[in-house]
Amino acid sequence: MLVSAKDMLQKAKAGHYAVGHFNINNLEWTKAVLLTAEELRSPVILGVSEGAGKYMTGFKTVAAMVKAMIEELHITIPVALHLDHGTYEGCYKCIEAGFSSIMFDGSSYPIDENVAKTRELVKICAEKGMSLEAEVGAIGGEEDGVIGVGECADPEECKMIADLGVDMLAAGIGNIHGKYPDNWAGLSFETLAAVQELTGEMPLVLHGGTGIPDDMIKKAIDLGVSKINVNTECQLVFAEATRKYIEEGKDRQGKGYDPRKLLAPGIEAIQEIVKEKMELFGSVGKA
Ligand code: G3H
Ligand code: ZN
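Residues numbered from 1 in each chain as written. Chains lettered and ligands numbered in written order. Predicted model: local features only at pLDDT ≥ 70, side-chain atom pairs only at ≥ 80, totals over all residues. Heavy atoms only, no water.

1. Notes on the overall build of the protein chain
Right, on to step 1. Helix and strand counts for the protein chain stand at twelve helices and eleven strands.
Right, on to step 2. By the compact-globule yardstick of 19 Å for 287 residues, the protein chain fits well, its C-alpha radius of gyration being 18 Å.
Right, on to step 3. Its C-alpha atoms give the protein chain principal-axis dimensions of roughly 60 × 45 × 35 Å.
Right, on to step 4. Every one of the 287 residues in the protein chain was classed for burial, and the buried ones make up 56%.
Right, on to step 5. Sequence-distant contacts, at least 24 apart, represent 70% of the contacts inside the protein chain between residues at least 6 apart.
Right, on to step 6. When the accessible surface of the protein chain is split by element, carbon and sulfur atoms take 54% of a total near 12800 Å².
Right, on to step 7. In the protein chain, the 28 positive side-chain charges and the 43 negative ones have mean positions that sit 6 Å from each other. (Helix = DSSP H or I, 4+ residues; strand = E, 2+ residues; numbered from the N terminus. Rg over C-alpha atoms; globule rule 2.2 N^0.38 Å. Buried < 20%, exposed > 50% of the residue type's maximum accessible area, 1.4 Å probe, protein only. Contact = heavy atoms within 4.5 Å. Areas by Shrake-Rupley, 256 points an atom, 1.4 Å probe, with all protein chains shown as cover. Lys, Arg positive; Asp, Glu negative; His and termini not counted. Charge placed at Lys NZ, Arg CZ, Asp CG, Glu CD.)

Rendered as structure tokens:
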């Protein structure tokens, strides 16, 4: 069954590892992430962006698919189904659809309205046993077709939002969605340390997990990051594996055109990435 991300992230924080948040984009993606997490006995967070939710015909479809898949595949590790970069309206749709966790990205509102809406969602999530992620500072790059300019979080604002009672906090520390530019300045560990200093036991979230060097990931975990989001890297390897299959003409051999065969290399490629990340994050065997 689905669980909120609260307990798994508190355990991760205490155990100095991170839980992977892998965005799902369809049935095959979901199956790939769940089977890998079960095989590695790792807790896992399935992230669903507003755009992916729409693509999969709505959050109710996604929730029903994930719940049924957990049952049919006999998944026993803790799984959280999490709205990623949620709008205020999207949060309520996911609460109604049966998600177990939501992110309210209130950065587009004036701070007092962001605080008011966050307070309201904290109350509702507590009543429903769901977890709530908030964001402070902006994560740069492209997410769901939206291009943003990153800005490092203000540690004082992080403490204010953390004190509202959210369960996890995404602080902008120079991380970017999508591929990192060659001239990327790296993560601001100074900002991360300052945020950690003020927010204490709060599990911190690192968005834009694609392409961050392993040593930076490990340092971020040491400095309090307990959830790391990955999407683009899985999309890139899926596309590459599918392209290779077609370039090798395998879609024209026998029934190679069958989507169950055509999509298989991409699914295996996703599973490889998920395995690599869970080993890097230290969540293997932590279920
Ligand atoms: O919220 C989703 C993640 O931040 C995705 O980041 O596509 O750069 O791995 P990424
Ligand atoms: Zn993100």
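2. Here we look at the nonpolar core
Right, on to step 1. Residues Leu81, Phe99 and Ile102 are the most contacted members of the largest nonpolar core, which totals 80 residues.
Right, on to step 2. Apart from residues no more than four positions distant in its own chain, Ile102 is found in contact with His82, Leu83, Cys91, Cys94, Ile95, Leu121, Cys125, Met130, Ser131, Leu132 and Glu133.
Right, on to step 3. One finds Tyr17, Ile45, Ala80 and Met168 within the second-largest nonpolar core, a separate group that totals eleven residues. (Core = buried A, V, L, I, M, F, W, Y, C linked by side-chain atoms within 4.5 Å.)

3. A short note on the pattern of salt bridges
Right, on to step 1. What the rule picks out here adds up to 13 salt bridges.
Right, on to step 2. With a closest N to O distance of 3.0 Å, Lys244 and Glu248 form a salt bridge.
Right, on to step 3. The exposure class assigned to Lys244 is partly exposed, which follows from its relative accessible area of 47%.
Right, on to step 4. Glu248 gets classed as partly exposed once you look at its relative accessible area, which sits at 36%.
Right, on to step 5. Note that Glu248 is salt-bridged to Lys250, the shortest N-O span being 3.0 Å.
Right, on to step 6. Sharing partners across several salt bridges, the network here consists of Lys244, Glu248 and Lys250. (Salt bridge = Lys/Arg side-chain N within 4 Å of Asp/Glu carboxyl O.)

4. Some thoughts on the UniProt feature "binding site: Zn(2+) 1" (unreviewed entry) in the protein chain
Right, on to step 1. Feature annotation in UniProt assigns "binding site: Zn(2+) 1" (unreviewed entry) to the following positions: His85, His177 and His207. Spanning 123 residues, the named residues form one tight spatial group whose C-alpha atoms are at most 11.7 Å apart. Put simply, the named residues that line the second largest pocket are His85, His177 and His207.
Right, on to step 2. Relative to the helices and strands, His85 resides in strand S3 (residues 79-86).
Right, on to step 3. Among residues more than four places away in sequence, those in contact with His85 are Glu50, Met103, Asp105, Glu135, Glu143, His177 and His207.
Right, on to step 4. Tracing the sequence through the fold places His207 in the loop between strand S10 (204-206) and helix H9 (214-222). (UniProt positions renumbered as here; feature names shortened; annotations may be inferred. 1 Å grid on protein atoms, 1.4 Å probe; cavity = no way out; pocket = protein on both sides within 12 Å on 5 of 7 lines; lining within 4 Å.)

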